[in-house]
Amino acid sequence: MELVECKEKNGHCNIPITNGSLGIWISTQRALFRSKKLKADRYQKLVGIGVAFEDANFAKSKTKSEHEK
């Protein structure tokens, strides 16, 4: 619920780790995702809310390399 409220207030889910318990929780979810330990249902819920799991720079470089092929 806190994440949804934060998104409604700020328009995004880019919560810094310095943002108290919510920032730490989001950071933990991203770490679980990177280690492939985040459950699929939780991933889907978080993506549905608007949490981004891929780094923007990674996504840009991936798209660029795909276009170069």
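In this report, we go over the structure that sits alongside the text. Here the structure is a predicted model, which means the values were calculated and not measured.

### Some details on the side chain of Arg-30
Relative to the helices and strands, Arg-30 resides in helix H2 (residues 20-34). Residue class for Arg-30 comes out buried when judged on its relative accessible area of 17%. Beyond its immediate chain neighbours, meaning those up to four positions away, Arg-30 contacts Cys-13, Asn-14, Ile-15, Val-51, Ala-52 and Phe-53.

### Quick notes on the nonpolar core
Within the largest apolar cluster, ten residues are counted, these being Leu-3, Cys-6, Cys-13, Ile-15, Leu-22, Ile-26, Leu-38, Leu-46, Val-51 and Phe-53. Secondary structure elements with two or more residues in this core: helix H1 (2-10) and H2. Contacts of Leu-22, omitting those with residues within four sequence positions, involve Glu-2, Leu-3, Cys-6 and Ile-15.

### So, the packing of H1 against H2
Where H1 meets H2, the closest approach of the two axes is 11 Å, and the angle between their N-to-C directions is 105°. As summarised for this structure, H1 and H2 are arranged roughly perpendicular, according to the angle between their axes. Side by side, H1 and H2 meet where Glu-2, Leu-3 and Cys-6 of the first sit next to Ser-21, Leu-22, Trp-25 and Ile-26 of the second. Here the residues of the contact of H1 with H2 are counted per class, giving five nonpolar, one polar and one charged.

### So, the side chain of Gln-29
Note that Gln-29 resides in helix H2. Using a relative accessible area of 3% as the deciding quantity, one classes Gln-29 as buried. If we ignore the near neighbours within four places in the chain, the residues touching Gln-29 are Leu-38, Arg-42, Leu-46 and Phe-53.

### Here's the deal with H2
Helix length check: H2 (15 residues) gives 22 Å between terminal C-alpha atoms against 21 Å at 1.5 Å per residue, within 8%. Taken together, the buried positions of H2 are Leu-22, Gly-23, Ile-26, Gln-29 and Arg-30. Angular distribution of buried residues about the axis of H2 spans 125°; they occupy a single face of the element. Against H1 and helix H3 (40-49) lie the buried residues of H2. Looking at the residues trailing H2, positive phi occurs at Lys-36, about 60°.

Reading the values: the criteria
Residues numbered from 1 in each chain as written. Predicted model: local features only at pLDDT ≥ 70, side-chain atom pairs only at ≥ 80, totals over all residues. Heavy atoms only, no water. Helix = DSSP H or I, 4+ residues; strand = E, 2+ residues; numbered from the N terminus. Buried < 20%, exposed > 50% of the residue type's maximum accessible area, 1.4 Å probe, protein only. Contact = heavy atoms within 4.5 Å. Core = buried A, V, L, I, M, F, W, Y, C linked by side-chain atoms within 4.5 Å. Axes fitted to C-alpha atoms, helices over the stretch in contact; angles between N-to-C directions. Parallel < 35°, antiparallel > 145°, perpendicular 65-115°, else oblique. Nonpolar A, V, L, I, M, F, W, Y, C, P; charged D, E, K, R; others polar. Expected span 1.5 Å × (residues − 1). Arc of directions from axis to C-beta.

Just geometry here; none of it tells us what the structure is for.
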